[in-house]
Amino acid sequence: MAVETPICDFGWKAPNFKLPGVDGKTYSLADLRGERGTLIMFICNHCPYVKAVIDRIVRDANELKPLGIESVAICANDWRAYPDDSFENMKTFAAHHNFTFPYLHDETQSVARTYDAVCTPDFFGFDADLGLQYRGRLDASRKETGPADLRRDLFLAMKQVAETGQGPREQIPSAGCSIKWRES
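Novice: Sorry, what's going on with helix α5 (residues 153-164) here?
Specialist: Given 3.6 residues to a turn, an α-helix orients residues that are three or four positions apart in the same direction. The end-to-end C-alpha distance of α5 is 16 Å, a good match for the 16 Å that 12 residues give at a rise of 1.5 Å each. Among all positions of α5, only D153, L154, F155, A157, M158, V161 and A162 are buried. Of the surrounding elements, those touching the buried residues of α5 are β4 (37-42), α2 (48-64), β5 (69-75), β8 (122-127) and β9 (132-134). Of the residues flanking the end of α5, it is G165, one or two places downstream, whose phi is positive at about 85°.

In structure tokens, the structure reads:
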């Protein structure tokens, strides 16, 4: 069953974090901040919604970089219950899909909880001052990749953020598998 993201809370400030990346480095929000904005994406390796659009996510991150938008992906799923989402498998997934942005492991799930991430994929698009401007979908794809000519909601929203500092007022929620929370 698909879970949808909540409405964008415009201006909400991005909380700081420090997480290990699949490249062996540890990153904080300050390390990842873009000159004109920052895109934080909660994804995982096994979700059919992510698998359907991962190549489009990489494409959009690559095309946003020259506009001053830096991107980062975070996996917070309980890898013990979902071994496909282990740190080792994150490395393989990132290499297979040619990630050009950091892929971070939120093993304690504290960052996902702080951000109120609900699904994979869940996109948080911040302006240059780290105020939230976008909490919508990538495009109209669901568990299957949509046609190549779909409107690129995420890309266009973040392009607008880079150009004006503000996201679109009309946003369609992202939908995907729920974050796989660890049982306490």
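More follows now that the structure is in view.
Novice: Sorry, what's going on with the sheet that holds strand β6 (residues 103-105) here?
Specialist: Two strands in a sheet stick together by hydrogen bonds in their backbones, pointing the same way (parallel) or opposite ways (antiparallel). With mixed pairing, 5 strands are arranged side by side in an open sheet as β6-β5-β4-β8-β9. Taken across any chain shown, the strands that pair with only one partner, and hence form the sheet edges, are β6 and β9. Each neighbouring strand pair of the sheet contributes to a mean axis angle of 30°, computed without reference to strand direction. With 3 bridges connecting them, β5 and β6 associate as parallel partners. Within β6, the residue paired with I74 across the bridge is L104.

Novice: Explain the nonpolar core to me, please; I cannot follow it from the model alone.
Specialist: Most often, soluble globular proteins have nonpolar side chains that are buried together. Counting residues in each nonpolar core, the largest one holds 33 residues, and the members touching the most others are M41, I43, I57, F99, F101 and Y103. The element contributing the most residues to this core is α2, with 9 residues. In this view, I43 contacts V50, I54, I57, A73, I74, C75, A76, F93, F99, Y103, T120 and P121; residues no more than four positions away in its chain are not counted. In this structure, A76, A117, L130 and L132 belong to the second largest nonpolar core, which totals 22 residues.

Novice: Explain the packing of aromatic side chains to me, please; I cannot follow it from the model alone.
Specialist: Given two aromatic rings, one states the distance between the centres and the angle between the planes to describe the pair. A complete count under the given rule lists 13 aromatic pairs for this structure. Measuring from centroid to centroid gives 5.5 Å for Y115 and F124, while their planes differ by 85°, and the two rings are edge-to-face. Y115 sits in the buried class, given a relative accessible area of 1%. Looking at F124, the relative accessible area reads 1%, which means it is buried. When the centroid spacing of 6.5 Å and the interplanar angle of 10° are considered together, the rings of F124 and F126 count as stacked. We classify F126 as buried; its relative accessible area is 0%. Three or more aromatic residues joined by ring pairs make a cluster, and in this case those are W12, F17, F42, Y115, F124 and F126. The aromatic ring of F155 is capped on one face by R152, whose charged end is 4.3 Å from the ring centroid.

About the cut-offs
- Residues numbered from 1 in each chain as written.
- Predicted model: local features only at pLDDT ≥ 70, side-chain atom pairs only at ≥ 80, totals over all residues.
- Heavy atoms only, no water.
- Helix = DSSP H or I, 4+ residues; strand = E, 2+ residues; numbered from the N terminus.
- Expected span 1.5 Å × (residues − 1).
- Buried < 20%, exposed > 50% of the residue type's maximum accessible area, 1.4 Å probe, protein only.
- Contact = heavy atoms within 4.5 Å.
- Pairing = 2+ DSSP bridges.
- Axes fitted to C-alpha atoms, helices over the stretch in contact; angles between N-to-C directions.
- Core = buried A, V, L, I, M, F, W, Y, C linked by side-chain atoms within 4.5 Å.
- Phe/Tyr/Trp six-rings, centres within 6.5 Å; stacked < 30°, edge-to-face > 60°.
- Lys NZ or Arg CZ within 6 Å of the ring centre and 35° of its normal.

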